[in-house]
Amino acid sequence: MSVRCLRGPVRRGARFNSLSNSAQALDLTLTQAVVYGHRVAQLDTGLTAFVTLRGEGVQHLMC
């Protein structure tokens, strides 16, 4: 999934448990981020990346 980092840095291993304007329960972990074809350990504010998230509730994300 392609995302834009609005508040960083966000590091690999970061966990997410909510979606904006949603009551859906989540427990997701950022397992990979790729920026311009390169894997990165963290996303800084303003970067767009292809990310991999794993965990409960991933089906609630829209692509």
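Residues numbered from 1 in each chain as written. Predicted model: local features only at pLDDT ≥ 70, side-chain atom pairs only at ≥ 80, totals over all residues. Heavy atoms only, no water.

A. Representation of the pattern of salt bridges in the model. Here the structure, examined in full by the defined rule, presents 1 salt bridge. In this structure, Asp-27 and Arg-15 form a salt bridge, with 2.4 Å as the shortest nitrogen-oxygen distance. Taken together, the residues Asp-27 in strand S4 (residues 27–35) and Arg-15 in strand S3 (residues 15–16) connect sequence positions 12 residues apart. Among the residues examined, Asp-27 registers a relative accessible area of 34% and is labelled partly exposed. Residue Arg-15 is classed as exposed on the basis of its relative accessible area of 56%. (Salt bridge = Lys/Arg side-chain N within 4 Å of Asp/Glu carboxyl O. Helix = DSSP H or I, 4+ residues; strand = E, 2+ residues; numbered from the N terminus. Buried < 20%, exposed > 50% of the residue type's maximum accessible area, 1.4 Å probe, protein only.)

B. Broad picture of the side chain of Thr-52. By the secondary structure assignment, Thr-52 is in strand S7 (residues 48–56). A relative accessible area of 17% places Thr-52 in the buried class. Apart from the residues lying within four places of it in its own chain, the contact partners of Thr-52 are Thr-29, Leu-30, Thr-31 and Gln-32. (Contact = heavy atoms within 4.5 Å.)

C. Broad picture of the pairing of S4. Sheet topology places S3 next to S4; 2 bridges connect them, and they run antiparallel. Pairing of Phe-16 across the sheet is with Leu-28, part of S4. When S4 meets S7, the two strands line up antiparallel, connected through 7 bridges. Among the inter-strand pairings, Leu-28 is bridged to a residue of S7, identified as Gly-55. Inspection of the sheet shows S4 paired to strand S5 (residues 38–39) by 2 bridges, in the antiparallel sense. Within S5, the residue paired with Val-35 across the bridge is His-38. Turn length for the S4-S5 hairpin, with the two strands adjacent in sequence and antiparallel, is 2 residues, and the turn residue Tyr-36 shows positive phi of about 50 degrees. (Pairing = 2+ DSSP bridges.)

D. Spotlight on the nonpolar core. With 8 residues, the main nonpolar core is built from Cys-5, Val-10, Leu-30, Ala-33, Val-35, Leu-43, Ala-49 and Val-51. Listed by contribution, the elements that provide at least two residues to this core are S4 and S7. Top element by residues in this core is S4. It accounts for 3 residues. Ignoring any residue separated from it by four or fewer positions in sequence, one finds Leu-43 in contact with Cys-5, Gly-8, Pro-9, Val-10, Ala-33, Val-35, Ala-49 and Val-51. (Core = buried A, V, L, I, M, F, W, Y, C linked by side-chain atoms within 4.5 Å.)

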